[in-house]
Amino acid sequence: MSRAPLESTAWLPSEFLQRGVNRPLTSAPLLPEKVVAFKRLTADFSEPNCMSNMTQKNQQVRLRPGRTAWLAIIILAVALCITTAEPALARRRSVEIADAAIERDLVYKRINGRELRLDLYRPQNASSPSPVIIWIHAALWSHGRKEQHIPVISFLSDGYAVASIELRLSGDAPFPAQIEDCKAAVRWLRANAAKHNLDADRIGVGGHSGGGHLSALLGTSGGVQELEGSGDNMSYSSRVQAVCDASGPSDLLRLYHDASDPSTGTRPTAISSIDAFLGGPAEQNKTKAIAASPITYVSKDDPPFLIIHGEKDFGVPASQGELLAAALKAAGVETTLEITPRGHSVGLGSPTLLPIVKAFFDKYLKKSQ
């Protein structure tokens, strides 16, 4: 018995993708119901006007059913990748850890119609209030999510609680929005310490890059009313008891000038990041740049600092960490400076650095100390 000829239709590639890949997989047959045709260029390309002279007829060629079957399989595979990629990313978005009480999306601040949230990880069966480490994700102050990997998350097994916070980034609002949000998170944790079995007197903070900068600024600007912001829990202190600053800028004007001078070897990318963070060119916002620099507020009542910087960091040079460490030590603040042989990504979670970070927080946040 002869098989009825398949209906043939010529589709443009964009039509094929729209009808094939974007149609629901549950309703798509394994093989297409129609034999499709793509454009094939058959013109003489030595002719200057060859593209304009091509007609719809000589641009199309029908695909044999065998080729169509293979094409359908390829398209189906691509569609499956597209539909499964997002769930896979979603699964990676949230940090998971065994034997932990996890509370996600706790609203710690409301500002201009937006809710800012934090994820709180606590030991499952803590017999006493847990010291807290706040982790700040704010690379270049422009991107970061609270769901990203937290280097200190493994400390839960030794009794720590960890809070990963969402904050307004430079694309949302300029400085001082970011530090105001960080301070609001500290106040919220203190105000809700009893509810979540947290030790309100032992709160540390850490972060990398822009997160390191904001951690340092939290540490040095305790009691600086101009950076407190407004909102709930204002009767609670925003001071922290220990700071881990990894690759964070400490003097924004100095960094800006170094990035503007090719002889320093500092990458000029810092210029646009600082400008976006300040809400305008640093040269025209020097007062704001000074106010946003952790080194501005260094005083003898600052908490202990662990500063980690890579000697091969050409985005935020190690001199930024060295300047802050020197200022803190001069003020009498307990300060540890670790210069690693790496670049901007110092590898906080590495077997070399993570024990140093753990020992630092143990020394200053554990109740036995």
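Everything below is about the structure shown above.
Heads up: these notes are all about the structure in this document. (Residues numbered from 1 in each chain as written. Predicted model: local features only at pLDDT ≥ 70, side-chain atom pairs only at ≥ 80, totals over all residues. Heavy atoms only, no water.)

With that out of the way, let us pick up helix H7 (residues 252-260). For H7, the complete set of buried residues consists of Leu-252, Leu-253, Leu-255, Tyr-256, Asp-258 and Ala-259. Contacts made by the buried residues of H7 are with helix H6 (210-220), helix H8 (269-278), helix H9 (286-291) and helix H10 (318-330). Where H7 begins, the side chain of Asp-251 points an oxygen toward the backbone nitrogen of Leu-253, at a separation of 3.3 Å. (Buried < 20%, exposed > 50% of the residue type's maximum accessible area, 1.4 Å probe, protein only. Helix = DSSP H or I, 4+ residues; strand = E, 2+ residues; numbered from the N terminus. Contact = heavy atoms within 4.5 Å. Polar contact = N/O pair within 3.5 Å; in protein donor to acceptor, adjacent residues only side chain to side chain.)

Quick look at the pairing of strand S10 (residues 305-310) now. For a regular strand, side chains alternate in direction, first toward one face of the sheet and then toward the other. Within S10, six of the six residues are buried, which leaves it mostly tucked inside the rest of the structure. As paired strands, strand S9 (residues 242-246) and S10 are joined by four bridges and run parallel to one another. When the sheet's bridge partners are listed, Asp-245 is paired in S10 with Ile-307. Judged from the six bridges that link them, S10 and strand S11 (residues 335-340) form a sheet pairing that is parallel. Following the sheet pairing, Ile-307 is matched in S11 by Leu-337. Read as a crossover between parallel neighbours, the route from S10 over H10 to S11 is right-handed. (Pairing = 2+ DSSP bridges. Right-handed = clockwise from strand over helix to strand, strands pointing away.)

Below, the discussion takes up the nonpolar core. Judged by nonpolar contacts, the single largest core of 55 residues is most densely connected at Tyr-108, Ile-134, Ile-136 and Leu-189. Counting residues per element, this core draws most heavily on helix H4 (residues 177-191), at seven residues. Those residues in contact with Ile-134, other than ones at most four positions away along the chain, are Ala-163, Ile-165, Val-186, Leu-189, Ile-203, Gly-204, Val-205 and Gly-206. Counting residues in hydrophobic clusters, the runner-up holds 24 residues, among them Ile-150, Ile-153, Leu-156 and Leu-306. (Core = buried A, V, L, I, M, F, W, Y, C linked by side-chain atoms within 4.5 Å.)

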